[in-house]
Amino acid sequence: MTESPNEPFDLVIEPRQSIGHFWRELWNYRELFYYLSWRDVLVRYKQTLVGVLWSVLRPLLTMLVFTFIFGRLAKLPAEGIPYPALVFCGMLPWHFFSGTLSESSNSLVGNANLISKIYFPRLIVPVSTLLVGLVDFLISFVILLGLLGWYGLWPDWHWLALPFFLLLAAGAALGAGLWFAAWNVKYRDFRYVIPFVVQFGLYVSPVGFSSTIMPAPWRLLYALNPMVGAIDGFRWALSGGRTAIDPQTLLISTAVALFLLVSGLAHFRRMEREFADVI
Amino acid sequence: MNTVIRLESVGKKYRLRHQQAVHYQTLREVIGRTWKGLGSRLVRRQGQKRMTREDFWALQDISFEIRQGERLGIIGRNGAGKSTLLKLLSRITSPTAGRILLKGRVGSLLEVGTGFHPELTGRENIFLNGAILGMGRSEIRRKLDEIVAFAEVDRFLDMPVKRYSSGMYVRLAFAVAAHLDSDILLIDEVLAVGDMGFQRKCIEKMEKISSGEGTTILFVSHNMSLISSLCSRAILLNAGRIESAGDVASTIRAYSVDISTRSSIDMTQLPHYGTREHIFTRRLSLFNAEKIPCSTFVMGMPMVAQIEFACLKRIKDVEVGLKISSINHAAIHYFSSSWEGLKQDLEPGIYVYEVTIPEILLFPGQYILGTWILRDGCWSDDHVQGITAIEVLGRDITGNFARHKIKNTFEKYAHSGGEVYLPSRWRFWRGE
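### Overview of the overall build of chain A
Along its length, chain A carries 12 helices and 1 strand. In terms of principal-axis extent, the alpha carbons of chain A reach across some 75 × 45 × 40 Å. Taking all 279 residues of chain A together, the buried fraction comes to 46%. Of the contacts formed within chain A by residues at least 6 apart in sequence, a portion of 82% connects residues at least 24 apart.

Following this line, the structure appears as structure tokens:
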């Protein structure tokens, strides 16, 4: 601690400038990502009867219902793989997306006491919900492995593409989540908008059915939903290329997800300066 | 020593909305207000109430510098901007004007146990809270034992903190923040919750990190004796501006003059005991030796109290009294007019009785005032307890404000039950 007296200050806080050295600070606080998600995972099943079993039951039950409704009642085509496998392959990224989206959208408001009393890069709060979603994802993935094995669909090189599709779903979820999280701080309307978006999204995404049932002229419009690309991709990879994937769809979905992420980040950074004042 | 914090005419503006009680808005309200604004613009003019927005400067034109290792006390009334200032320095919120320059890592403790999760255990919360404050995992692990020992929670470390007593909770929260290796530590009134013993421990810890490790401390408190025992300098905020800055003693004196409203208490709304058929006590006013309204006094200095009451009927042998109790309402001093030979017959009317206590012989701390009035020498006609609290500040033997070890001793005795100081004379000699 023997600096010269006129050594410059580390940090200058001014009204218009966004707070701090953004990326460097994120790096300095990197462990907080882990701790916040660790907290959420630890706390989630406290005082529940069956605990972690919920992560197993939820996708299983949804799969049964969807298989029954879309596969049996509506008799939609299964694209050459068993219908339960078709549903589960779609549900995996969808649950990851919807869970992350709703959690991250409410994350700032849910951590209001932290935000109004302690400084840390605010971006960590919504981003750490990604890790929580990932834990659920992995649990479901183990069930899926069993299911696919049961139907004789073994892993092959197509699976190497999975991380990309996971990233696609994560980007879309986080991008939308950042928009909603920042708005939610100011306008609590979004508390009601988000469940609606998630529910609506379930029906406009090819979760319970294959996207091939969409008429060809509508495909491109349909691909604007980034989850179409992600779900199609998951199905394609997990089924070992048995289901179809349209490169154009994938391209559009990826572009939309990327746009959501970048614009969401910019929006978040623009709004974060006043979070503590309005939350 | 070099400057680690510099504020250059910093201001913080909030926009107040007067209409709604809830502090967040919904889209519908924003849309609705636009229409209403349009409507009221047409209707207004006839002195209607202005609605919606008003700019409110929580802080304005704040400039000061703090050097490394200094301990700055920030005092002022509620709403003077103390907490806003700490929020700006800790970067929770950003200023509207001016700029702030900081050097080094800033740690803050603006609220006890922020980020603690009730379901998690003490150990888990130490790691979580440490991470929120900016500590790395290895740093926390290294200091875990020290934190646990300081907080005195070792036996309960693996118990969810929701089962902790509030004292344990506070201790743990403070311990984590105090062990953060920060260059600048911001503390807001959090010690008010802990017990006296722990407060002392915290003060000692802060003194240690400040003088030993060169940590700069900014400390907000309403407790003047804590401020004067910890801080080397103080600033007084009033309505968002710096009203006074300098050494602790003069700043506290400026503050105690400033809070003159609390030095004069309207007693009509307080609970009264006694028949009150003849007398009703209306007001208690306190002054220092210079007759300036004041509720903070210095050990060994005079205090003047004026008791104003209405005499409703003709009464005889009136005795007026003032009582000083400890913060636990145990009586310490009685001052009675009749003991000093004033036992008057009164006609109906308003009267003020003034009592001067030449020297306050109380240890530093807070004390509670009460009054009583007797008629005919024995009937208790009006008796009011807990009217207001006064703050007694320590000073050393030479008559200055103490910042020496000797005053800490005063406080130790005050906290352990002895409230009254009596001057005594000492000498010593060598025995056979």
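### A few points about helix H4 (residues 83-110) of chain A
Every α-helix carries 3.6 residues per turn, so stepping three or four residues along brings you back to the same face. All names here are of chain A. Taking 1.5 Å as the rise per residue, H4 with 28 residues should run 40 Å; its terminal C-alpha atoms sit 38 Å apart, in good agreement. For H4, the principal kink sits at Met91 and spans about 25 degrees; a proline, Pro93, occurs within the next four residues. Buried residues dominate H4, accounting for 25 of its 28 residues.

### Looking at the interface of chain A and chain B
Taken together, the contact pairs 36 residues of chain A with 38 residues of chain B. Of all the secondary structure elements, the ones that give two or more residues to the side of chain A that touches chain B are strand E1 (11-13), helix H2 (30-44), helix H5 (112-117) and helix H12 (275-278) of chain A. Per-element accounting of the side of chain A that touches chain B gives the leading share, 6 residues, to H2 of chain A. Looking at the side of chain A that touches chain B residue by residue, the classes come out as 20 nonpolar, 3 polar and 13 charged. Across 3 bridges, the pairing between E1 of chain A and strand E4 (residues 97-102) of chain B is antiparallel. From the neighbouring strand, Val12 of chain A faces E4 of chain B, where its bridge partner is Leu101 of chain B.

### Considerations on the packing of helix H4 (residues 137-151) of chain B against helix H5 (residues 166-178) of chain B
Relative placement of two packed helices is described by the angle separating their axes and the distance separating the axes. All names here are of chain B. Remark: H4 packs on H5, axes separated minimally by 8 Å, with the N-to-C direction vectors making an angle of 140 degrees. In this structure, H4 crosses over H5, and the sense of that crossing is right-handed. Here Ile147, Phe150 and Ala151 of H4 lie close against H5, whose contacting residues are Arg171, Leu172, Ala175 and Val176.

### Here's the deal with the sheet that holds strand E5 (residues 106-109) of chain B
Residue and element names in this part refer to chain B. The strand order across the open sheet formed by 6 strands is E5-E6-E7-E3-E8-E9, and the pairing between neighbours is mixed. With partners counted over all chains shown, the strands left at the sheet margins are E5 and strand E9 (241-246), one partner each. Here the average twist between neighbouring strands, direction ignored, is 15 degrees. Relative to strand E7 (residues 216-220), strand E3 (residues 71-76) runs parallel, the two being bridged by 4 bridges. In the sheet register, Leu72 faces E7, and the bridge partner there is Leu218. Helix H2 (residues 82-89) contacts E3, E5, strand E6 (184-188), E7 and strand E8 (233-238) of the sheet and is inclined by roughly 150 degrees relative to E7.

### Describing the environment of Leu110 of chain B
You can see Leu110 of chain B is positioned in the loop between E5 and helix H3 (122-133). On the neighbour-count criterion, Leu110 of chain B (21 C-beta atoms within 10 Å) is buried. Sequence spacing of Leu110 of chain B and Glu189 of chain B is 79 residues, and the spatial spacing of their C-alpha atoms is 7.5 Å. The contacts of Leu110 of chain B, once residues within four sequence positions are left out, are Lys117 of chain A together with Ser83, Leu86, Ser90, Leu186 and Asp188 of chain B.

### Re the confidence of the model for chain B
Residues and elements named next belong to chain B. The predicted model of chain B averages 80 in pLDDT, with 82% of residues at 70 or higher. Highest mean pLDDT in chain B belongs to strand E17 (residues 349-357) (94); lowest belongs to helix H9 (residues 405-415) (53). Note that residues 41-50 has pLDDT below 50 and, in this model, 2 contacts with residues that lie over four places away or in other chains.

### A few points about the sheet that holds E17 of chain B
For sheets, the rule is that strands pair by backbone hydrogen bonds, running either parallel or antiparallel. Residue and element names in this part refer to chain B. Within the open sheet, the 4 strands sit side by side as E10-E11-E13-E17. Their pairing is antiparallel. Across the chains shown, the open sheet's two edge strands, defined by having one partner strand only, are strand E10 (264-266) and E17. Shown here is a sheet whose adjacent strand axes are inclined to one another by a mean of 20 degrees, direction ignored.

### Examining the packing of helix H3 (residues 53-73) of chain A against H4 of chain A
Residues and elements named next belong to chain A. Where H3 contacts H4, the two axes come as close as 9 Å, and the packing angle between them is 130 degrees. Overall, the two elements H3 and H4 adopt an arrangement that is oblique. Taken as a pair, H3 and H4 cross one another with a handedness that is right-handed. Counting all contacts with H3, which are made through Pro59, Thr62, Met63, Phe66, Thr67 and Gly71, the residues of H4 involved are Tyr83, Pro84, Val87, Phe88, Met91 and His95.

### Topic: the domain arrangement of chain B
All names here are of chain B. You can read the domains of chain B as domain 1 (57-258) and domain 2 (261-393). Of the residues lining the interface, 6 residues belong to domain 1; the matching set on domain 2 comes to 8 residues. Elements with a contribution of two residues or more to the side of domain 1 that touches domain 2: helix H7 (224-230) and helix H8 (248-258). By residue class, the composition of the side of domain 1 that touches domain 2 is 3 nonpolar, 3 polar and no charged.

### Digging into the nonpolar core
Membership of the largest hydrophobic core comes to 181 residues, with the highest contact counts inside it found for Ala169 and Ala172 of chain A together with Phe219 and Ile227 of chain B. Considering every element that reaches this core, the biggest residue donor is helix H7 (residues 162-186) of chain A, with 16 residues. Both domains that meet at this core, namely domain 1 (57-258) and domain 2 (261-393) of chain B, each give it at least three residues. The contacts of Ala172 of chain A, once residues within four sequence positions are left out, are Phe97, Pro226, Met227, Ala230, Ala257 and Leu260 of chain A.

### Comments concerning the environment of Leu220 of chain A
All names here are of chain A. Tracing the sequence through the fold places Leu220 in helix H9 (residues 219-222). Accessibility expressed as a C-beta count within 10 Å gives 12 for Leu220, which makes it exposed. C-alpha of Leu220 to C-alpha of Ser253: the two residues are 33 residues apart in sequence and 9.4 Å apart in space. Ignoring any residue separated from it by four or fewer positions in sequence, one finds Leu220 in contact with Gln248 and Ile252.

About the criteria used
- Residues numbered from 1 in each chain as written.
- Chains lettered and ligands numbered in written order.
- Predicted model: local features only at pLDDT ≥ 70, side-chain atom pairs only at ≥ 80, totals over all residues.
- Helix = DSSP H or I, 4+ residues; strand = E, 2+ residues; numbered from the N terminus.
- Buried ≥ 20, exposed ≤ 12 C-beta atoms within 10 Å, placed from the backbone.
- Contact = placed C-beta atoms within 7 Å.
- Expected span 1.5 Å × (residues − 1).
- Bend = angle between axes of the 7 residues up to and from the residue.
- Nonpolar A, V, L, I, M, F, W, Y, C, P; charged D, E, K, R; others polar.
- Pairing = 2+ DSSP bridges.
- Axes fitted to C-alpha atoms, helices over the stretch in contact; angles between N-to-C directions.
- Left-handed = near helix turned anticlockwise from the far one by under 90°.
- pLDDT = per-residue confidence, 0-100.
- Parallel < 35°, antiparallel > 145°, perpendicular 65-115°, else oblique.
- Domains from an automatic or database assignment.
- Core = buried A, V, L, I, M, F, W, Y, C linked by C-beta atoms within 7 Å.

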